[in-house]
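Architecture and fold: a report
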Amino acid sequence: MTTSSESTRKGLTKIATNRLQKEFMEWQTNPPAGFKHRVSDNLQRWTIEVKGAPGTLYANETYQLQVEFPEHYPMEAPQVIFQHPAPLHPHVYSNGHICLDVLYGSWSPAMRLSSICLSILSMLSSSSVKQKPKDNDHYLKNCKNGRSPKETRWRYHDDKA
């Protein structure tokens with residue numbers, strides 16, 4: 001796994017590199033249940049496989065998360081989106097953006113990628129319906145040219161997920 005700035009858009013700070021190397025080692029030895037890290041040579045961009053929890057609407061389904069760590073991680077939250085096809089869920093937009101507070105305003109440097117993944121699995125597991133967000137089409141119209149979900153001013157419509 002390389003950590004040089006040549007393999008990333010913006011180089012990681014030393015703190016970010018050390019933290020990510022530690023988290024990488026933890027994922028290799030003890031990943032959260034239902035998740036698998038697809039190893040690449042880019043420490044700043046990870047692909048995580050998510051398996052739906054048994055007994056839920058998403059049981060036996062597999063999705064891919066793309067995680068991009070900013071240069072000042074963990075002081076700044078990573079960008080986490082579902083790759084296509086994203087699950088049908090009231091908090092997951094068709095473009096893969098996820099409306100989940102721990103990815104934005106509720107982020108804390110004490111959090112790790114494993115805690116984000118468990119929050120996402122919990123969000124999926126708690127859903128009683130498979131449907132797009134009510135404002136999906138409006139959001140997609142306003143989210144053009146690859147805009148980051150971190151640039152969105154999220155409004156959380158419920159606290160059930």
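Thresholds, definitions, all that
- Residues numbered from 1 in each chain as written.
- Predicted model: local features only at pLDDT ≥ 70, side-chain atom pairs only at ≥ 80, totals over all residues.
- Heavy atoms only, no water.
- UniProt positions renumbered as here; feature names shortened; annotations may be inferred.
- Buried < 20%, exposed > 50% of the residue type's maximum accessible area, 1.4 Å probe, protein only.
- Helix = DSSP H or I, 4+ residues; strand = E, 2+ residues; numbered from the N terminus.
- Pairing = 2+ DSSP bridges.
- Phe/Tyr/Trp six-rings, centres within 6.5 Å; stacked < 30°, edge-to-face > 60°.
- Expected span 1.5 Å × (residues − 1).
- Arc of directions from axis to C-beta.
- Polar contact = N/O pair within 3.5 Å; in protein donor to acceptor, adjacent residues only side chain to side chain.

With an unreviewed UniProt entry as reference, the chain is termed E2 ubiquitin-conjugating enzyme, source organism Brassica oleracea var. oleracea. Per UniProt, the comment on the chain under Function (unreviewed entry) is "Accepts the ubiquitin from the E1 complex and catalyzes its covalent attachment to other proteins." For the record of the chain, the UniProt heading Sequence similarities (unreviewed entry) holds the text "Belongs to the ubiquitin-conjugating enzyme family."

Things to note about the pairing of strand 2 (residues 45-51)
Side-chain direction in a regular strand flips from residue to residue, so the side chains alternate between the two faces of the sheet. Most of strand 2 sits out of view: five of its seven residues are buried. As defined by bridge partners, strand 1 (residues 35-38) adjoins strand 2 across four bridges and the pair is classed as antiparallel. Pairing of Lys-36 across the sheet is with Glu-49, part of strand 2. In this antiparallel pair of consecutive strands, strand 1 and strand 2, the connection spans six residues. With seven bridges joining them, strand 2 and strand 3 (residues 62-68) adopt antiparallel strand pairing. Bridge pairing in strand 3 links Thr-47 to Gln-66.

A short note on the UniProt feature "active site" (unreviewed entry) in the chain
Within this structure's numbering, the places UniProt gives as "active site" (unreviewed entry) are Cys-99. A relative accessible area of 6% means that Cys-99 is categorised as buried.

Describing the packing of aromatic side chains
For any pair of aromatic rings, the description consists of the separation of the ring centres together with the inter-plane angle of the planes. Evaluated as defined, the whole model comprises eight aromatic pairs. With 6.0 Å between their ring centres and 35 degrees between their planes, Tyr-73 and Trp-107 make a pair best called tilted. With Tyr-73 in the loop between strand 3 and strand 4 (79-82) and Trp-107 in the loop between strand 4 and helix 2 (113-125), this pair connects stretches of sequence that are 34 residues apart. Across the pair, exposure class does not vary: Tyr-73 and Trp-107 are buried alike.

Some thoughts on helix 1 (residues 14-29)
Helix length check: helix 1, at 16 residues, gives a terminal C-alpha distance of 23 Å against a target of 22 Å (1.5 Å per residue), a fit within 8%. Those residues of helix 1 lying buried are Ala-16, Thr-17, Arg-19, Leu-20, Glu-23, Phe-24 and Trp-27. Buried residues of helix 1, viewed axially, fall in a sector of 165 degrees; they line one side. Exposed positions of helix 1 whose direction lies more than 90 degrees from the buried face are Lys-14, Ile-15 and Thr-29.

Details of unusual backbone geometry
With omega at 5 degrees, the peptide bond leading from Tyr-73 into Pro-74 counts as cis. For Pro-74, the location among the structural elements is in the loop between strand 3 and strand 4. Of note, the amide linkage connecting His-84 to Pro-85 takes the cis form, showing an omega dihedral of 0 degrees. Mapped onto the elements of the fold, Pro-85 is located in the loop between strand 4 and helix 2. Look at Asn-60: it is not a glycine, yet its phi comes out positive at around 65 degrees. If you trace the backbone, Asn-60 turns up in the loop between strand 2 and strand 3. Of the residues examined, Asn-60 reaches a relative accessible area of 80% and is grouped as exposed.

Observations concerning the environment of Tyr-93
By the element assignment, Tyr-93 lies in the loop between strand 4 and helix 2. In terms of polar contacts, Tyr-93 uses its side chain to reach the side chain of Asp-135, at 2.7 Å.

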